[in-house]
Amino acid sequence: MTGVGFGAFVRRAHDAGRLVVQPRMGMSSPERMRAGLLATRDAAATTVGTITLDSYTRVGDLESAGLAVLEGVALNGYPIVSHETTTTLNVLDGIHGPGFPVQVRHGSAAPQDIFRALTAVGLDASEGGPVSYCLPYGRVPLRDSVAHWAASCELLAHLAESGAEPHLETFGGCVLGQLCPPGLLVAVSFLEALFFRRHGIRSISVSYAQQTDPRQDAEAVAALRALCTRFLPDTEWHVVVYAYMGLYPETEDGAYRLLGKAAELAVSSGSERLIVKTVAESRRIPTVAENVAALEHAAAVAARTPRAPLDGTGTQTYAEASALVNAVLELDDDLGTALLAAFAEGLLDVPYCLHPDNAGSSRSYIDADGRLCWADIGKMPLKGIADVRPKQAVTSAGLLESLSYVRRSHDRYDPADTRARAPARP
């Protein structure tokens, strides 16, 4: 490895005992985007920057994005394809560099234009995946997404010819964000990482989103690390944990309590990076100041949390993830073809996902202890491995209650839980 770039920065921070924390931040105004990056860089934490793109750019509606730029209409993210290259270069000038790498986050099933735009301004880090940026977000056929992502990986990989080390992060560990048992999250996150590697990317991060039970989450990260150690020996990789992706607590203490637990999970599991969420998540897009407060709170919790990773292979989560990964890899030597076949045959099946290419037979629920469990595995190769409880029928009322489980459990005041209270006001 060259020792430069996004992945190398995260690795150096981890080796020095620091968790890298990162916001999900994107503003359409170049001036506000630059101010957000500066504030992130200057936070009292070890940070990397984020440019999150707008919804028009994400779905490829570049005409609408371009019109919004011309008319000065505010968007819900930065339209990197529609802004002039010089405009984005000015946003990054004096900010992006070896001491503060910047990642572009988007959500696109067809990111070629996005990758061309980010590489044109000297950026080399992004995220997503052929499955995770297709199934939950729209109706783009999975076959098209796989082809788009293969081409996009190869486009980004060419940067290595000029001495850069392009980096891609899987979004697979966040599929639907909630009510997806960790074995499947780990499998999809790892399979997307392997897809990136087979298409020329040598610096990769694998994602996992905080779910409903801390012990189960720790098992999931350990399983993910074990799979990467086994299958990616020639790759620079790290794990990124996402603070909970579902309905966020509505109270300030509840939001900070949940974020604190995400920071604890990241450090204790040996993960290297954390994507934070803020006190405003349940109501609106957060301000820059709220993002900085979240970054600093997560960093403070991380600094007092010891590393205590679990064994990666001796858990239920690893058994499920390994069975799913092995089943997919046996389908075809070409991983893109294998992923298509796996979803077509129901060997991968995301619960409550309505995409036409998802079988939609699997179901999950939260048990009395807060763990995510299978109510129905459909045709996934988990018979005799997963603890399936079909009598746990999932009703619409039960689904809604489950979706708010994390919000409710963290908004309840617990005077004994002082680890992750809101930071003191000056």
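For the structure, check the block above.
Residues numbered from 1 in each chain as written. Predicted model: local features only at pLDDT ≥ 70, side-chain atom pairs only at ≥ 80, totals over all residues. Heavy atoms only, no water.

**Observations concerning the overall build of the protein**
1) Next: Each helix and strand counted, the protein has 15 helices and eleven strands in total.
2) Next: By residue count, 58% of the 426 residues in the protein fall in the buried class.
3) Next: Restricting the contact set of the protein to residue pairs at least 6 apart, pairs at least 24 apart contribute 73%.
4) Next: Of the roughly 16,500 Å² that the protein leaves accessible, carbon and sulfur atoms contribute 52%. (Helix = DSSP H or I, 4+ residues; strand = E, 2+ residues; numbered from the N terminus. Buried < 20%, exposed > 50% of the residue type's maximum accessible area, 1.4 Å probe, protein only. Contact = heavy atoms within 4.5 Å. Areas by Shrake-Rupley, 256 points an atom, 1.4 Å probe, with all protein chains shown as cover.)

**Focus: the sheet that holds strand β7 (residues 203–209)**
1) Next: An order of β2-β1-β9-β8-β7-β6-β5 is seen for the seven strands of this open sheet, with the pairing classed as parallel. Since the sheet does not close on itself, it has two edges, and those belong to β2 (46–47) and β5 (125–128), each with one partner.
2) Next: With respect to the sheet, helix α7 (residues 142–157) is in contact with β5 and β6 (167–170), its orientation differing from that of β6 by roughly 150°. (Pairing = 2+ DSSP bridges. Axes fitted to C-alpha atoms, helices over the stretch in contact; angles between N-to-C directions.)

**Focus on the layout of surface pockets**
1) Next: Considering only enclosed or pocket space, the largest pocket measures out at about 960 Å³ in volume.
2) Next: Along the walls of the largest pocket sit 37 residues, with Arg-24, Thr-52, Leu-53, Asn-76 and Ile-285 positioned nearest its centre.
3) Next: Secondary structure elements with two or more residues in the lining of the largest pocket: α3 (55–58) and α11 (288–303).
4) Next: Grouping the amino acids of the lining of the largest pocket by side-chain chemistry returns 16 nonpolar, twelve polar and nine charged. (1 Å grid on protein atoms, 1.4 Å probe; cavity = no way out; pocket = protein on both sides within 12 Å on 5 of 7 lines; lining within 4 Å. Points joined across faces, edges and corners; volume = space filled by probe spheres on them. Nonpolar A, V, L, I, M, F, W, Y, C, P; charged D, E, K, R; others polar.)

**Re the packing of helix α8 (residues 182–198) against helix α9 (residues 214–231)**
1) Next: Put simply, α8 and α9 touch, their axes get as near as 10 Å, and they point 30° apart. One element, α8, and the other, α9, form an angle in the roughly parallel class. For the crossing formed where α8 meets α9, the hand is right-handed. Here Pro-182, Val-186, Ser-189, Phe-190 and Leu-194 of α8 lie close against α9, whose contacting residues are Gln-216, Ala-220, Ala-223, Leu-224, Leu-227, Cys-228 and Phe-231. (Parallel < 35°, antiparallel > 145°, perpendicular 65-115°, else oblique. Left-handed = near helix turned anticlockwise from the far one by under 90°.)

**Some points on the pairing of strand β3 (residues 49–52)**
1) Next: Neither face of β3 is left uncovered, since the one carrying Gly-49 and Ile-51 and the one carrying Thr-50 and Thr-52 both have all their residues buried.
2) Next: Where β3 and strand β4 (residues 102–105) come together, four bridges link them in parallel fashion. Paired with Ile-51 across the strands is Val-104, a residue of β4.

**Observations regarding the pairing of β6**
1) Next: Burial of β6 is two-sided: the residues His-167 and Glu-169 facing one way and the residues Leu-168 and Thr-170 facing the other way are all buried.
2) Next: Here β5 runs beside β6; their pairing, made up of four bridges, is parallel. For Ser-126, the partnering residue across the bridge sits in β6 and is Leu-168.
3) Next: At this point the chain moves from β5, through α7, to the parallel β6, and the crossover so formed is right-handed.
4) Next: Bridge count between β6 and β7: three bridges; the pairing is parallel. The partner of Leu-168 across the bridge, within β7, is Ile-204. (Right-handed = clockwise from strand over helix to strand, strands pointing away.)

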